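One letter stands for each residue in the lines below.
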Amino acid sequence: MAERMIVSVQTLQRLEAGDPTVGLAVLASALHVLGMTQRLAELVTPDSDRAGISEDLSRLPQKTHAGNDDDLDF
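Residues numbered from 1 in each chain as written. Predicted model: local features only at pLDDT ≥ 70, side-chain atom pairs only at ≥ 80, totals over all residues. Heavy atoms only, no water.

K.L.:
Looking at this model, I keep getting lost on the side chain of Thr 11. Mind explaining?
P.N.:
Relative to the elements of secondary structure, Thr 11 occurs in helix α2 (residues 9–16). Under the relative-accessibility criterion, Thr 11 is labelled buried at 16%. A polar contact of 2.9 Å, which involves the side chain of Thr 11, links it to the side chain of Ser 8. Those residues in contact with Thr 11 that sit more than four places away from it in its chain are Val 22 and Val 26. (Helix = DSSP H or I, 4+ residues; strand = E, 2+ residues; numbered from the N terminus. Buried < 20%, exposed > 50% of the residue type's maximum accessible area, 1.4 Å probe, protein only. Polar contact = N/O pair within 3.5 Å; in protein donor to acceptor, adjacent residues only side chain to side chain. Contact = heavy atoms within 4.5 Å.)

And the structure:
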């Protein structure tokens, strides 16, 4: 598998162990070799990024205020 991915055996082992320092290109290569390139598309879809969505929601203001009528004066 490592040979087909054009990476070292150690890099493949790090990928299999879930080492977060392994680059995305290595993961993409593994998915290609396994015929699972659709999984890569799913990984980069913003709708499937639960952590990112959660982070965005935490940044929203906790309270909002209604504008006064002067704000709507054209």
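K.L.:
Help me understand the environment of Leu 43 in this model?
P.N.:
When you line up the elements, Leu 43 lands in helix α4 (residues 37–43). Not counting the four nearest positions on each side in its chain, Leu 43 is found in contact with Leu 27, Leu 31 and Ser 48.

K.L.:
Quick question: what am I supposed to make of the confidence of the model for the protein here?
P.N.:
This prediction gives the protein a mean pLDDT of 86; 88% of its residues lie at or above 70. For the protein, the element scoring lowest by mean pLDDT is α4, at 81; α2 scores highest, at 97. (pLDDT = per-residue confidence, 0-100.)

K.L.:
What am I meant to see in the nonpolar core here?
P.N.:
Generally speaking, a soluble globular protein has its nonpolar side chains buried in company with each other. Counting residues in hydrophobic clusters, the biggest one holds seven residues: Ala 2, Met 5, Leu 12, Val 22, Val 26, Ala 30 and Val 33. Among the secondary structure elements, those contributing two or more residues to this core are α1 (2–5) and α3 (24–33). In terms of residues, this core owes the most to one element, α3, which gives three residues. Every residue in contact with Ala 2, bar those within four places of it in the chain, is listed here: Val 7, Ser 8, Val 9 and Leu 12. (Core = buried A, V, L, I, M, F, W, Y, C linked by side-chain atoms within 4.5 Å.)

K.L.:
Can you walk me through the pattern of salt bridges in this structure?
P.N.:
Pairing between side chains of opposite charge can happen when their charged atoms approach one another. Throughout the structure, instances matching the rule amount to two salt bridges. Put simply, Arg 59 and Glu 55 hold a salt bridge, and the shortest N to O gap is 3.3 Å. Of this pair, Arg 59 and Glu 55 both sit in helix α5 (residues 50–59), four residues apart, which is roughly one turn of the helix. Take Arg 59: its relative accessible area is 61%, and that puts it in the exposed class. Relative accessible area serves as the criterion here: at 37%, Glu 55 is assigned to the partly exposed category. (Salt bridge = Lys/Arg side-chain N within 4 Å of Asp/Glu carboxyl O.)

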